[in-house]
Amino acid sequence: MLRLAGAASTHVGQVRKTNQDRVLFSPVVSAVADGMGGHRGGEQAAAITIDTFGQVSERLSKAGLLDTVRAANKAVYDESERPELRGMGTTIVAAVFHPGERRLTMVNVGDSRGYRFRDGELRQVTVDHSLVEELVQQGRISEEDAQSHPQRNIVTRALGLGAEVEIDVFELDVVHGDRFLLCSDGLSNEASSEAITDCLAEAPDPEVAAQELIELAVVGGGRDNISVVVLDVIDDEDPAAVRDAAESVRRPNPRAVAAALETVDAPQVGDDSLDGPVSGGELPDDGGLETNGPPPVAEPRSFAAAPPSAVQRDRHRSRLVALAAVVTVLVAFLGINWFASSAYFASEDAGEVVIFKGRPGGILWIDPEVEERTGLTVEELTPAGVQKLEQELEWTSFDDASDFVDQLERIADIESES
Ligand code: MN
């Protein structure tokens, strides 16, 4: 008999102040919801949806699963009558496992995704309901363009926007060893499918896989909330399955050390699980200056710890290395300052549409600054306009951000005249 092992995990990311994603793993149903629509609305929409799924106590049929999605849609839609929650919505991707029929039913609305990992290959099951996916389908942009498209956050379907909702449903056969992934776009936008594949191939169990996927997205930038559910299909009676399980216990997991997010801040020298320009790490007491490759930076105290018996030549070299470290830190500092202030975005402030200079949520110590108060109130916008505003799209110039606000205003005017 097949059974399911699973784990769910969610993380606020590196930039956002609140987590508007919600996740669920239970023996009968699993789901990821990514809320949108203001600081309160997004959280509410996702929470209402996952609560609706959380109340499910028996394994749902396909029809039952669709009914649950519709119930969540109605609950969010009803709640969005409240003025402070107007325009809120959420994505959903959910899965129900039918062990007797060796089948898994998956549903989705919006751009949260479901994947199947089998025989080392990752296949996206769901199709995003998003503007960029439509452009890809129409052949107007490539898959690569989609990955970095400025409007990749705009979804074309979500729960809670109307009394009715269109739901995609997928029926999948399952075999022992299948691994399913449900995730929000905070993972799929930050991690390549190759990196996700590697992670799913190596992690010995769903808990480790979920933690490592989150870490992958955090290290990748963590610009959005990140949510994952990992589901493993296991056949306890299959002799091959029992052998696999024993092997997975014995197999050392090279990435396990990286599971703790703290290691992002304090990587160990030689820890190859973290690629990229990480800083930190202690120099060895001796010989450290003789190693090849770029000098470790941002740890000047390491140099002070050099033994006093070091010869003159080594002291001279250590000064050069220290200087290189200072220059590197300075360049990084200027780079971060430039990055943090080189964008514009429109957002709601005290009921008004305001253009900010900076990045949504700020970057490290640099908060966005008000560039222009437009005088346009959120009240005047259409629900679609509110949703677009909540995406906090980033623009490279003030003019672009301003054009965007003009567009919102024009749509609102057309609606009010008709
Ligand atoms: Mn998201």
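A quick note: this is a predicted structure, and the numbers were derived from the prediction, not measured.

S.K.: Which residues make up the overall build of the protein chain, and what values do they have?
M.R.: Helix and strand counts for the protein chain stand at 13 helices and 15 strands. A total of 418 residues make up the protein chain; the buried ones form 47% of that total. Sequence-distant contacts in the protein chain: of pairs separated by 6 or more residues, those separated by 24 or more amount to 65%. Taken as a whole, the protein chain presents about 21000 Å² of accessible surface, with 52% of it coming from carbon and sulfur.

S.K.: Give a detailed account of the coordination of the manganese ion, specifying residues and quantitative values.
M.R.: Taken together, Asp34 (OD), Asp185 (OD) and Asp224 (OD) make up the full set of protein donors to the manganese ion, lying 2.1 to 2.2 Å away. Read in sequence order, the donor residues coordinating the manganese ion give the pattern D-x150-D-x38-D. Here Asp185, found in helix α5 (residues 185-188), pairs with Asp224, found in the loop between α7 (206-219) and β11 (226-235); they are 39 residues apart in sequence, far enough to count as distant. As far as the burial class goes, Asp185 and Asp224 line up, both buried.

S.K.: Got a sec to walk through the packing of helix α1 (residues 41-54) against helix α2 (residues 62-79)? Specific residues and values, please.
M.R.: At a closest axis distance of 9 Å, the pairing of α1 and α2 adopts a crossing angle of 145°. Note on packing geometry: the crossing formed by α1 with α2 is right-handed. Between α1, through Gln44, Ala45, Ile48, Thr49, Thr52 and Phe53, and α2, the contact on the second element is made entirely by Leu65, Thr68, Val69, Ala71, Ala72, Ala75, Val76 and Glu79. Class assignment of the residues belonging to the contact of α1 with α2 gives a composition of nine nonpolar, four polar and one charged.

S.K.: So what about the packing of helix α6 (residues 193-202) against α7? Which residues, and what values?
M.R.: In a packed pair of helices, the relevant descriptors are the angle between the two axes and the axis-to-axis distance. Two elements in contact, α6 and α7, have axes whose closest approach is 9 Å; the angle formed by their N-to-C orientations is 155°. When the axis of α6 is compared with that of α7, the two are roughly antiparallel. You can see that α6 and α7 cross each other, and the crossing is right-handed. Here Ala195, Ile196, Cys199 and Leu200 of α6 come into contact with α7, specifically with Ala209, Glu212, Leu213 and Leu216. Split by residue class, the contact of α6 with α7 holds seven nonpolar, no polar and one charged.

S.K.: Break down the environment of Ala340 for me, with residues and values.
M.R.: Here Ala340 is to be found in helix α11 (residues 312-341). Overall, the relative accessible area of 2% leaves Ala340 in the buried class. For the pair Ala340 and Gly358, spaced 18 residues apart in sequence, the C-alpha to C-alpha distance is 5.5 Å. The residues touching Ala340, leaving out its near neighbours within four places in the chain, are Gly358, Arg359, Ile363 and Ile366.

S.K.: Pulling in residues and values, what's your account of the pattern of salt bridges?
M.R.: Scanning the model with the defined rule gives 21 salt bridges in all. Here Arg223 and Glu190 are joined by a salt bridge, their closest N and O atoms 2.5 Å apart. Of the two residues, Arg223 sits in the loop between α7 and β11 while Glu190 sits in the loop between α5 and α6, which places them 33 residues apart along the sequence. Accessibility expressed as a relative area gives 43% for Arg223, which makes it partly exposed. With a closest N to O distance of 2.5 Å, Arg359 and Glu394 form a salt bridge. One end of the pair, Arg359, is in the loop between β13 (352-357) and β14 (369-377); the other, Glu394, is in strand β15 (residues 394-395), with 35 residues separating them in the sequence. Classification of Glu394 as partly exposed rests on a relative accessible area of 34%.

S.K.: Residue-level account of the sheet that holds β13, with values.
M.R.: Read from one edge to the other, the open sheet built from four strands follows the order β14-β13-β12-β15, with strand pairing classed as antiparallel. Either end of the sheet is taken by a strand with one partner, and the two such strands are β14 and β15. The pairing of strand β12 (residues 344-349) with β15 spans two bridges and is classified as antiparallel. Each bridged residue has a counterpart across the sheet, and for Phe345 the counterpart in β15 is Glu394.

S.K.: So what's going on with a nonpolar patch on the surface? Which residues, and what values?
M.R.: On the surface, Leu330, Phe333, Leu334, Leu364 and Trp365 cluster together into a nonpolar patch covering about 560 Å² of accessible area. Among the secondary structure elements, Phe333 is positioned in helix α11. Overall, the relative accessible area of 38% leaves Phe333 in the partly exposed class.

S.K.: Please provide a residue-by-residue account of the pairing of strand β9 (residues 168-173), values included.
M.R.: Regular strands place their side chains on alternate faces of the sheet. Residues Asp168, Phe170 and Leu172 point to one face of β9 and are all buried, whereas Val169, Glu171 and Asp173, pointing to the other face, are not buried. Pairing analysis gives six bridges linking strand β6 (residues 103-109) to β9, with the strands arranged antiparallel. Across the sheet, the residue bridging to Val107 is Val169, located in β9.

S.K.: An account of the confidence of the model for the protein chain is needed here, citing residue identities and associated values.
M.R.: Per-residue pLDDT for the protein chain averages 82, and the proportion of residues at 70 or more is 80%. Note that residues 249-310 has pLDDT below 50 and, in this model, 67 contacts with residues that lie over four places away or in other chains.

Rules behind the numbers
- Residues numbered from 1 in each chain as written.
- Predicted model: local features only at pLDDT ≥ 70, side-chain atom pairs only at ≥ 80, totals over all residues.
- Heavy atoms only, no water.
- Helix = DSSP H or I, 4+ residues; strand = E, 2+ residues; numbered from the N terminus.
- Buried < 20%, exposed > 50% of the residue type's maximum accessible area, 1.4 Å probe, protein only.
- Contact = heavy atoms within 4.5 Å.
- Areas by Shrake-Rupley, 256 points an atom, 1.4 Å probe, with all protein chains shown as cover.
- Donors = N, O, S within 2.8 Å, 3.2 Å for Na, K, Ca; no water.
- Axes fitted to C-alpha atoms, helices over the stretch in contact; angles between N-to-C directions.
- Left-handed = near helix turned anticlockwise from the far one by under 90°.
- Nonpolar A, V, L, I, M, F, W, Y, C, P; charged D, E, K, R; others polar.
- Parallel < 35°, antiparallel > 145°, perpendicular 65-115°, else oblique.
- Salt bridge = Lys/Arg side-chain N within 4 Å of Asp/Glu carboxyl O.
- Pairing = 2+ DSSP bridges.
- Patch = residues over 30% accessible without salt bridge, like charges linked within 9 Å, V, L, I, M, F, W, Y side chains within 5 Å.
- pLDDT = per-residue confidence, 0-100.

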